[in-house]
Amino acid sequence: MHFIRRRGWEIAEREATPEGVFLNRRQWVVGAGAIGGALATGAASAQEKDPSADLYPAKRNEKYVLDRDVTPEQINANYNNFYEFGSYKRVAAEAQALKTRPWTVKIGGMVEKPVEIGIDDIVRKMKIEERLYRHRCVEAWSMAVPWSGFPLKDLLALANPLGSAKYVEFKTFHDPKSAPGQRQTWYPWPYTEGLTIEEAGNELAFLVTGAYGKPLLKQFGAPIRLALPWKYGFKHIKSIVQITLTDKRPKSYWEALQDSEYGFWANVNPAVPHPRWSQASEEVLGAGKRVPTQIFNGYGEYVAQLYKGLENERLFV
Ligand code: MTE
């Protein structure tokens, strides 16, 4: 089947690459002033036309604190997973083809009131705040990001989910004309993710519309993506167009490709290795060091209770 093809982010870089090359590449990423600067600046000037620009920087919610420095924007903005634009990290230039206006999000399925709402109406209706969150990729690297956005539950409330809805399914846009990755038909496009209704209602589940004090750069998943800091990064679906309340557990993109390695829950746990590498520690992007990984990525006080009684599930894959 198709998914025996090697995909970049499935393997930790240090396993795939000789150490010297790995370190050089990191230093190059860190020191990517010229190229990285050009990319991020180009993206920033496109963002200046964003009709929501006046909403940023949003007031920071001081409740969510970091144990490390924020990852510099230049590094984050040039090291992305966005398979719609390529299966490698430097997709920032390709991602500029993403057209983020007009942009509509549909909320439907098991709801009292299906909603179709434009992104500019969303950001004006919701109270945008900034939160500092850690992000842990399943590939064993991490970063820390000042996201701006609002709780997922506030958007879902617009549609009044029915009591029978048990899950929330998310889908990314599907437009192979602007997203060359989507011409690779062996991938199960569009990118899909899912949460239980309880997870979606957790205060940490955050819909992101901005980062680093401005509207979201395209490579981060503009104009709206998820941040779920206790889960591996592949759950943080980008460029969302559809949200469906359902009583069936959604099958996510990576689960559909390889469910022995990527599951529905994907909660961070240093004690449960990926089948092909350890999850005990993580490379902190831009910091030149590894640190021990924490259970639920350090957010256990917010989310551990969500998993009581579910111990038979594959919670950490
Ligand atoms: N969403 C879509 N639509 N397509 C993707 O390829 N990659 C995921 C996630 N969301 C991905 C996606 C993965 S593997 C990670 S680690 C994060 O986005 C990366 O987010 P970042 O590029 O902002 O670091």
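Since we're looking at a predicted model, the values are computed, not measured.

### As for the overall build of the chain
Then comes step 1: A tally of regular secondary structure across the chain gives ten helices and twelve strands.
Then comes step 2: Within the chain, the proportion of its 317 residues that are buried is 55%.
Then comes step 3: Just so you have it, the chain exposes about 13,300 Å², and 55% of that area is on carbon and sulfur atoms.

### Here's the deal with the site of the ligand
Then comes step 1: Around the ligand there are 19 residues in total, and Tyr-83, Glu-84, Arg-225, His-236 and Lys-238 lie nearest to it.
Then comes step 2: Residue Asn-80 places a side-chain N or O atom 3.0 Å away from an oxygen atom belonging to the ligand.
Then comes step 3: In the model, an oxygen atom of the ligand is placed 2.7 Å from a nitrogen or oxygen of the Tyr-83 main chain.
Then comes step 4: When the ligand sits alone it has 530 Å² of accessible area, and the protein chains cover 100% of it.

### With respect to the nonpolar core
One recurring pattern in soluble globular proteins is that nonpolar side chains are buried together.
Then comes step 1: Within the largest apolar cluster, 86 residues are counted, with the highest numbers of intra-cluster contacts made by Trp-147, Leu-152, Phe-170, Leu-226, Trp-230 and Ile-243.
Then comes step 2: For this core, the leading source of residues is strand 4 (residues 141-151), giving five residues.
Then comes step 3: In contact with Trp-230, not counting residues within four places along its chain, are Glu-199, Asn-202, Leu-204, Ala-205, Asn-267, Val-268, Phe-296, Asn-297, Tyr-299, Val-303, Leu-306 and Tyr-307.

### Quick look at the confidence of the model for the chain
Then comes step 1: Confidence in the prediction of the chain, expressed as mean pLDDT, is 89, and 85% of residues score 70 or more.
Then comes step 2: Under a pLDDT of 50 for its full length, residues 1-47 has, in the predicted model, 85 contacts with residues more than four places off or in other chains.

### What about the environment of Pro-215?
Then comes step 1: Residue position: Pro-215 is located in strand 8 (residues 214-215).
Then comes step 2: Residue classification places Pro-215 among the buried positions, given a relative accessible area of 4%.
Then comes step 3: Along the backbone, Pro-215 and Pro-51 are 164 residues apart, and their C-alpha atoms lie at a distance of 9.2 Å.

### Here's the deal with the sheet that holds strand 5 (residues 167-172)
Then comes step 1: Reading across the sheet, the five strands line up as 2-1-10-5-6 and stay open at both edges, with mixed pairing between neighbours. Each edge of the sheet is formed by a strand with only one pairing partner; in this case those strands are strand 2 (115-118) and strand 6 (192-196). Pairwise comparison of adjacent strand axes, ignoring direction, gives a mean angle of 15 degrees for this sheet.
Then comes step 2: Pairing of strand 1 (residues 104-109) with strand 2 involves four bridges; the strand directions are antiparallel. Considered in strand 2, the bridge of Thr-104 is made with Gly-118.

### Digging into the pattern of salt bridges
Then comes step 1: With the rule as written, the count across this model stands at 18 salt bridges.
Then comes step 2: The partner of Asp-50 in a salt bridge is Arg-101, and the shortest N-O contact between them spans 3.1 Å. You can see Asp-50 sitting in the loop between helix 3 (33-47) and helix 4 (73-76) and its partner Arg-101 sitting in the loop between helix 5 (92-95) and strand 1, a full 51 residues away along the chain.
Then comes step 3: Owing to a relative accessible area of 15%, Asp-50 belongs among the buried residues under this scheme.
Then comes step 4: For Arg-124, the salt bridge goes to Asp-54, with nearest N and O atoms at 2.9 Å. One end of the pair, Arg-124, is in helix 6 (residues 119-125); the other, Asp-54, is in the loop between helix 3 and helix 4, with 70 residues separating them in the sequence.
Then comes step 5: Through salt bridges that share partners, Asp-67, Arg-68, Arg-134, Arg-136 and Glu-282 make up one connected network.

### Focus on the pairing of strand 11 (residues 281-284)
Then comes step 1: Here two bridges tie strand 4 to strand 11, and the two strands are oriented parallel to one another. Looking at the pairing, Ser-142 lines up with Val-284 of strand 11.
Then comes step 2: Here four bridges tie strand 11 to strand 12 (residues 289-292), and the two strands are oriented antiparallel to one another. The residue of strand 12 that forms the bridge with Val-284 is Lys-289.

Definitions and cut-offs
- Residues numbered from 1 in each chain as written.
- Predicted model: local features only at pLDDT ≥ 70, side-chain atom pairs only at ≥ 80, totals over all residues.
- Heavy atoms only, no water.
- Helix = DSSP H or I, 4+ residues; strand = E, 2+ residues; numbered from the N terminus.
- Buried < 20%, exposed > 50% of the residue type's maximum accessible area, 1.4 Å probe, protein only.
- Areas by Shrake-Rupley, 256 points an atom, 1.4 Å probe, with all protein chains shown as cover.
- Near = heavy atom within 4 Å.
- Polar contact = N/O pair within 3.5 Å; in protein donor to acceptor, adjacent residues only side chain to side chain.
- Core = buried A, V, L, I, M, F, W, Y, C linked by side-chain atoms within 4.5 Å.
- Contact = heavy atoms within 4.5 Å.
- pLDDT = per-residue confidence, 0-100.
- Pairing = 2+ DSSP bridges.
- Axes fitted to C-alpha atoms, helices over the stretch in contact; angles between N-to-C directions.
- Salt bridge = Lys/Arg side-chain N within 4 Å of Asp/Glu carboxyl O.

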